[in-house]
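What the coordinates show
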Amino acid sequence: MPTLTRRSFLQASPALLAPVMVGGPASDQAPVAPPAAGAPSAHFPTHEPDVVREVVGVSHGNIARLKQLVDRQPSLARASWDWGFGDWESALGAASHVGNRNIAEYLLSKGARPTIFSATMLGHLDVVKAFITAQPGVQKTWGPHGITLLSHAQAGGERAKPVLDYLTALGDANERPALKPVTDDDMKRLSGTYVFGPGADEQIEIAIVRGNLSFTRTGKTQRMLMHVGSHEFYPTGSFATRIRFAETSGRLTLTIHDPDLVLTGMK
């Protein structure tokens, strides 16, 4: 089984870095029905979380379903979802990192807020230059799931090539932390179920996915883990969070620090 290296991570496609919903991608989930008229939900006046998540999910590639949701409720064009550990993604951010110009332009027409990431994918060179001139170093900022600005330019294809050339010349628009390899033996040893409470959902599953370790709380979104050394990882798109593994009294222990200790699970 292959191991994760800095080289392989730097070449990883957005599909590897993007979240995976338990039971399938967000765009494959059963459509969410609106609440019955005259019966607002407990979340009112905020939007239904399941609807927000679906909007962001389908913004990666399902324009037909997206239009069903946003044409009915245009404010959803500005929807954002936290996939875990503060890895926030907007609907426009989803379309931008996969290079879906049609969806990005549709969302902008409905009031989505443009960003340097959407401008980069769409090939708006003057906007990207102005952004970086006004805020030097902003080109090093990560997008959703830790996807770099230069990767957004690559996703934009031929129409974004002038932006890609400009960002490439800057030399620092594709920076990610140095990562350490994880051996096959270590991945097998660290994988398994870590329990942190009595509830059915109070457990973490560490699994081997496409040659890398992943993190999933029962019923939540799968997150890929990036190894910074000494069995210490961060989840995709959340560099400040640390997930650490150690052996205690002959048992493996998982701790999550964000930055304070969040929970401890035992395998």
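Described in the following lines is the structure provided in the data block. The residue numbers shown here count from 1 along each chain, following its written sequence. With pLDDT at 70 or above as the cut-off, local features in this predicted model cover only qualifying residues; side-chain atom pairs require 80 or more to be listed or tallied, and sums for whole chains, interfaces and linings still use all residues. With hydrogens and water set aside, each side-chain value is computed from the structure's full complement of heavy atoms.

Turning next to the overall build of the chain. Under the DSSP-based scheme used, a helix requires at least four consecutive residues in state H or I and a strand at least two consecutive residues in state E, with every element numbered from the N terminus. Each helix and strand counted, the chain has eleven helices and ten strands in total. Partly exposed residues are those whose accessible area sits between 20% and 50% of the maximum for their type, while under 20% is buried and over 50% is exposed, using a 1.4 Å probe and protein chains only. Considering the chain as a whole, with its 267 residues, one finds that 44% of them fall into the buried category. The contact rule is simple, with two residues in contact once any of their heavy atoms fall within 4.5 Å. Of the contacts formed within the chain by residues at least 6 apart in sequence, a portion of 55% connects residues at least 24 apart. Split by element, the accessible area of the chain, about 12900 Å² in all, is 55% carbon and sulfur. All accessible areas in this document rest on Shrake-Rupley with a 1.4 Å probe, and a residue is counted as covered only by the protein chains that are shown.

Another aspect to go through is the packing of helix α3 (residues 49-58) against helix α4 (residues 63-72). At a closest axis distance of 9 Å, the pairing of α3 and α4 adopts a crossing angle of 140 degrees. In terms of orientation, α3 lies oblique with respect to α4. Every pair of crossing elements has a handedness; the one defined by α3 and α4 is left-handed. Contacts between α3 and α4 pair Val 51, Glu 54, Val 55 and Val 58 from the former with Arg 65, Leu 66 and Leu 69 from the latter. Residues are grouped as follows: nonpolar covers Ala, Val, Leu, Ile, Met, Phe, Trp, Tyr, Cys and Pro; charged covers Asp, Glu, Lys and Arg; every other residue, Gly included, is treated as polar. Here the residues of the contact of α3 with α4 sort into five nonpolar, no polar and two charged. Here an axis means a line fitted to C-alpha atoms, over the contact stretch when the element is a helix, while the angle between two N-to-C directions is reported on a 0 to 180 degree scale. Roughly parallel refers to an angle under 35 degrees, roughly antiparallel to one over 145, roughly perpendicular to one between 65 and 115, and oblique to any angle outside these ranges. Definitions for this section: a left-handed crossing has its near helix turned counterclockwise from the far helix by less than a right angle. A right-handed crossing has that turn clockwise.

Attention now goes to the pattern of salt bridges. A side-chain nitrogen of Lys or Arg and a carboxyl oxygen of Asp or Glu constitute a salt bridge if their distance falls within 4 Å. What the rule picks out here adds up to eleven salt bridges. Its salt-bridge partner being Asp 87, residue Arg 223 comes within 2.4 Å of it at the nearest N-O pair. In this pair, Arg 223 is assigned in strand β6 (residues 223-229) and Asp 87 in the loop between β1 (80-82) and β2 (88-90), connecting sequence segments 136 residues apart. We classify Arg 223 as buried; its relative accessible area is 1%.

All right, on to the packing of aromatic side chains then. Within 6.5 Å between ring centres, the rings of Phe, Tyr and Trp (the latter by its six-membered ring) count as paired, and their orientation is classed by plane angle as stacked under 30 degrees, edge-to-face over 60, tilted in between. Considering all chains together, one arrives at six aromatic pairs under this definition. Between the aromatic rings of Phe 85 and Phe 215, the centroid separation amounts to 5.4 Å while the plane-to-plane angle is 65 degrees, which identifies the pairing as edge-to-face. Here Phe 85, found in the loop between β1 and β2, pairs with Phe 215, found in strand β5 (residues 212-217); they are 130 residues apart in sequence, far enough to count as distant. Overall, Phe 215 belongs to the buried group, its relative accessible area being 5%. Ring pairing ties together the aromatic residues Trp 142, Tyr 234 and Phe 239, which thus form one cluster. Here, over-ring charges are defined by two tests on the NZ atom of lysine or the CZ atom of arginine: distance to the ring centre within 6 Å, and angle to the ring normal within 35 degrees. Here the guanidinium or amino end of Lys 129 rests over the ring plane of Tyr 166, the centre of that ring lying 5.5 Å away. Over the ring of Phe 239 we find Arg 242, and its NZ or CZ is 4.5 Å from the ring centre.

Remark: nonpolar core denotes a set of buried residues (Ala, Val, Leu, Ile, Met, Phe, Trp, Tyr, Cys) joined through side-chain atoms within 4.5 Å. Within the largest apolar cluster, 24 residues are counted, with the highest numbers of intra-cluster contacts made by Val 55, Leu 66 and Leu 107. Elements supplying a minimum of two residues to this core: α3, α4, α5 (91-97), α6 (101-109) and α7 (116-122). Considering each element in turn, this core owes the most residues, five residues, to α3. Ignoring any residue separated from it by four or fewer positions in sequence, one finds Val 55 in contact with Leu 66, Leu 69, Leu 76, Ala 79 and Ala 91. Residues Tyr 194, Phe 215, Leu 252 and Leu 263 belong to the second largest nonpolar core, which totals 16 residues.

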